[in-house]
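# What the coordinates show
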Amino acid sequence: MRERTTLANQIEGVQRIESEVEGTLELVELAEIEGDESLVQDAVQTLRAIAEDVRKREIESLLSGEADSNDCYVEVNAGAGGTEAQDWAEMLLRMYTRWAEQHGYKVTFIEGSEGEQAGIKSATIQVSGPNAYGWLKTEAGVHRLVRISPFDAAARRQTSFASVWVYPVVDDSIEIDINDSDLRVDTFRASGAGGQHVNKTDSAIRITHIPTGIVVACQTDRSQHRNRAKAMEMLRARMYEAELQKREAAAAQTEASKTDIGWGHQIRSYVLAPYQLVKDLRTGVEKGNPGAVLDGALDDFMSASLAQSVGATRSEASASAQ
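The name given to the protein chain in an unreviewed UniProt entry is Peptide chain release factor 2, and the organism recorded there is Gluconobacter sphaericus NBRC 12467. Taken directly from UniProt, the Function (unreviewed entry) text for the protein chain runs: "Peptide chain release factor 2 directs the termination of translation in response to the peptide chain termination codons UGA and UAA." Under the UniProt heading Subcellular location (unreviewed entry), the note attached to the protein chain is "Cytoplasm".

And the structure:
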């Protein structure tokens, strides 16, 4: 049903663009005949806006992966470095939350572990909306921050790392076999604000899939039963994402799985001092306004990464065919 709706929206969008272009060109012809320069300029601005819409739709057409249209989970983990890294992890979580909200996506907090002094050790959110996984999967990797530390009395420059992992929400039509004997289930008390119930009952659930080492946790609900159900849903999603990664690695020889993401494999650097620059190390895209990027302006980075990954896959497929 979702796929049919997506296709219908795409067709409707193309038809709307064709109609707008035709109408605007007719307006330009009329304006030129009447010598109305202001009307011509208005039409030119309209055509530029249409061209930008076409560019965005062209990028969206690259979202053709098996799970690209799905909702997704975004997991952020602080690297080594204590408070510095934990504060950076929270900044990243805010960045993805702002990006999602700006694009009309729904964001649901799933679980998190607060830092000792500031920030977070880890957190997971669910982002729900069209092509959420397709866009956000480009953000998986290690992110590096360079700044003057707000936690250092000597105001020294510090480098911090945090990792981001993104995996799709899977529906019941996708079968993932999980044996209960392969699971270790632990309960613990939820952390963070949440009223009298929080920190008084062991309602939070952590499930470890022993054969793969995959660990998921959920503390979003007061009910242990509902948290367990959500955690199992997340486990199925993680196992499905792992299978997708295997397929992509086999087809395109990529290194996109979580185990391939090490602290020496950062995908993007955010430099706040001594100069201002955000640079994606995969695509070379740079932005001189890190404040806007950290406030959710990620579209250019995502588009470039998506185009690059699709191009690499097509080149690999072409080489294999030869």
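### Re the overall build of the protein chain
Scanning the protein chain from terminus to terminus reveals seven helices and 11 strands. In the protein chain, buried positions account for 41% of the 322 residues. With an accessible surface of roughly 17300 Å², the protein chain has 49% of that area assigned to carbon and sulfur atoms.

### Quick notes on helix 3 (residues 83-102)
In this model helix 3 runs 29 Å from its N-terminal to its C-terminal C-alpha over 20 residues, within 8% of the 28 Å that 1.5 Å per residue would give. Counting buried positions along helix 3 yields 14 of 20 residues, so the element is predominantly enclosed.

### Concerning the side chain of K230
Residue placement: K230 occurs in helix 5 (residues 224-252). On the accessibility criterion, K230 (16% relative accessible area) is buried. If near-sequence neighbours (up to four positions away) are discounted, K230 is found in contact with Y73, I110, Q126 and C218.

### So, the packing of aromatic side chains
The tally for this structure, following the rule as stated, stands at four aromatic pairs. Each ring, one from W99 and one from Y105, has its centre 5.5 Å from the other, and the planes form 45 degrees; the classification is tilted. Ring centres of W165 and Y167 lie 5.3 Å apart, and the angle between their planes is 45 degrees; this geometry places the pair in the tilted category. Given the relative accessible area of 6%, W165 is considered buried. Judged by its relative accessible area of 0%, Y167 is buried.

### Some remarks on the sheet that holds strand 6 (residues 183-188)
Overall, antiparallel pairing links the three strands, which are arranged 6-7-8 in an open sheet. Of all the strands in the sheet, the pair left with one neighbour each is strand 6 and strand 8 (214-218). Here the strands of the sheet are splayed against their neighbours by 15 degrees on average, with no regard to which way each runs. When strand 6 meets strand 7 (residues 204-209), the two strands line up antiparallel, connected through six bridges. Bridge pairing in strand 7 places L183 opposite H209.

### Focus: the pattern of salt bridges
Per the counting criterion, the structure on display carries 17 salt bridges. For D280, the salt bridge is made with R268, and the minimal N-O distance between the two is 3.1 Å. Placement of D280 in strand 10 (residues 277-280) and of R268 in strand 9 (residues 266-271) is noted, with a sequence separation of 12 residues between them. Residue R268 is classed as buried on the basis of its relative accessible area of 0%. Here R282 ties to D280 by a salt bridge, and the two come within 2.8 Å at their closest N and O atoms. Within this structure, E139, R268, D280 and R282 form a network of salt bridges that share partners.

### Looking at the side chain of S303
In this structure, S303 sits in helix 7 (residues 299-321). Assessed through its relative accessible area of 11%, S303 is described here as buried. Discounting residues that sit within four places of it in the chain, S303 has contacts with I59 and W135.

### Topic: unusual backbone geometry
For the bond from A273 to P274, the omega torsion is 10 degrees, close enough to zero to count as cis. Despite not being glycine, N131 shows a phi value in the positive range, around 60 degrees. For A155, which is not a glycine, the phi torsion comes out positive at approximately 55 degrees.

### Some points on the environment of V285
On the secondary structure map, V285 appears in the loop between strand 10 and strand 11 (286-287). Here the alpha-carbon distance between V285 and M302, two residues 17 residues apart in the chain, equals 9.9 Å. Look past the residues within four positions of V285 in its chain and what remains in contact with it is V278, K279, D280, F301 and A304.

Basis of the calculations
- Residues numbered from 1 in each chain as written.
- Predicted model: local features only at pLDDT ≥ 70, side-chain atom pairs only at ≥ 80, totals over all residues.
- Heavy atoms only, no water.
- UniProt positions renumbered as here; feature names shortened; annotations may be inferred.
- Helix = DSSP H or I, 4+ residues; strand = E, 2+ residues; numbered from the N terminus.
- Buried < 20%, exposed > 50% of the residue type's maximum accessible area, 1.4 Å probe, protein only.
- Areas by Shrake-Rupley, 256 points an atom, 1.4 Å probe, with all protein chains shown as cover.
- Expected span 1.5 Å × (residues − 1).
- Contact = heavy atoms within 4.5 Å.
- Phe/Tyr/Trp six-rings, centres within 6.5 Å; stacked < 30°, edge-to-face > 60°.
- Pairing = 2+ DSSP bridges.
- Axes fitted to C-alpha atoms, helices over the stretch in contact; angles between N-to-C directions.
- Salt bridge = Lys/Arg side-chain N within 4 Å of Asp/Glu carboxyl O.

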